[in-house]
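Summary of the model geometry
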Amino acid sequence: MSPPKQRPRFLTLFLLLLMSFTAMADHDVVFYLEDEPIYTSNSVQSPGFLMEVVGEMNKTMKLKVSANFLPWNRAQYMAIKTPNAVIFPLSRTQEREPKYTWICKVFDVPVMFITKEGRPPINDFHTAREMRGIGVIIGTPQEEMLKQEDVPYIALTGKQLYEALAEDQVKAIYTAKPEAILGWKQGEYSQSLQYGRPLQTLPLWIAASKSSPNVKVQEWNDALEQLKTSGIFDKLRKKYFGDDPKLFNAAQGAGASSPPSN
């Protein structure tokens, strides 16, 4: 019987080789991640976009890394409390700003209400307030936005979100469009998705514990820039999200220090 998701798990040998990671007791840094299909998966077949990006970056940095998969709220807590801990992807918000060392920005994603075709689109929070059955990923800025806008919602994990929409357990979801496109595709659901007007833009970052002497911010930024210059970043982006240049904006100026206003 496989261990429950709540227990930390080391990556498989395949992923360790793929990402040039060495899971050892004397690791340089430890990753705290959520096991979800889009960005950081424990799947051998599809490790996730950022798992592959950071793995390629680490071919330059050559860090010894231990990786633990936890529920998202716990992963955030552990990343804050553990020296030399790294977490990704993390939206940079005002509330989170003082809790982490912000290493490098990867890209921005648009967030909106998403329904299955055949249902009326949701283009504003006023319309959403009149509904019941909106799903959102727990522990995210998307959830915080729904709270601020007094929109009733159901909190789900990243793995539960798309299945809940497909099986009509929720009428709509509030999430980032690139993530929804990939999550829906991976679930092989038959119906098409319908996208509302973007209501948030979230910058996704790689972040670390405030106590992280082994995390050299410039080294990480240089590795990311090298990945973009080489074309590997775009190759991975297209692999996971397709070749729509309007889907999200690849981050420029990864060392930006100011948080977003939303």
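For the structure given in this document, a descriptive report is provided here.

Conventions and cut-offs
- Residues numbered from 1 in each chain as written.
- Predicted model: local features only at pLDDT ≥ 70, side-chain atom pairs only at ≥ 80, totals over all residues.
- Heavy atoms only, no water.
- Helix = DSSP H or I, 4+ residues; strand = E, 2+ residues; numbered from the N terminus.
- Buried < 20%, exposed > 50% of the residue type's maximum accessible area, 1.4 Å probe, protein only.
- Contact = heavy atoms within 4.5 Å.
- Phe/Tyr/Trp six-rings, centres within 6.5 Å; stacked < 30°, edge-to-face > 60°.
- Salt bridge = Lys/Arg side-chain N within 4 Å of Asp/Glu carboxyl O.

1. Quick notes on the overall build of the chain
- Across its full length, the chain holds nine helices and ten strands.
- When burial is assessed residue by residue, the chain has 51% of its 262 residues classed as buried.

2. Here's the deal with helix α7 (residues 177–186)
- Inspection of α7 places P178, E179, A180, L182, G183 and W184 among the buried residues, and these make up the whole buried set.
- Tucked into the core, α7 has its buried residues touching β4 (100–116), α6 (158–166), β7 (172–176), β8 (193–195), β9 (200–209) and α9 (232–241).

3. A closer look at the packing of aromatic side chains
- Here the structure, examined in full by the defined rule, presents 14 aromatic pairs.
- Taking 5.7 Å as the distance between ring centres and 40° as the angle between the ring planes, the aromatic pair formed by F49 and F107 counts as tilted. A residue pair is termed long-range when its members are at least 10 positions apart, and F49 in helix α2 (residues 49–61) and F107 in strand β4 qualify at 58 residues. Comparing F49 with F107, the two get one shared label, buried.

4. Concerning the pattern of salt bridges
- Applying the stated rule across the entire model yields eleven salt bridges.
- A salt bridge links K159 to D35; its shortest N-O distance comes to 3.6 Å. Taken together, the residues K159 in helix α6 and D35 in the loop between β1 (29–33) and α2 connect sequence positions 124 residues apart.
- Residue classification places K159 among the partly exposed residues on the basis of a relative accessible area of 47%.
- A relative accessible area of 6% means that D35 is categorised as buried.
- Within the structure, one salt-bridge network assembled from shared partners comprises K116, R119 and D168.

5. Topic: unusual backbone geometry
- Residue P89 follows F88 across a cis peptide bond; omega there is -10°.
- With phi around 60°, D168 is a residue other than glycine that occupies positive phi space.
- As for its placement among the helices and strands, D168 is situated in the loop between α6 and β7.
- Accessibility expressed as a relative area gives 45% for D168, which makes it partly exposed.
- In the Ramachandran plot, E188 falls in the positive-phi region, its phi being about 55° despite a non-glycine side chain.
- Within the secondary structure layout, E188 lies in the loop between α7 and β8.

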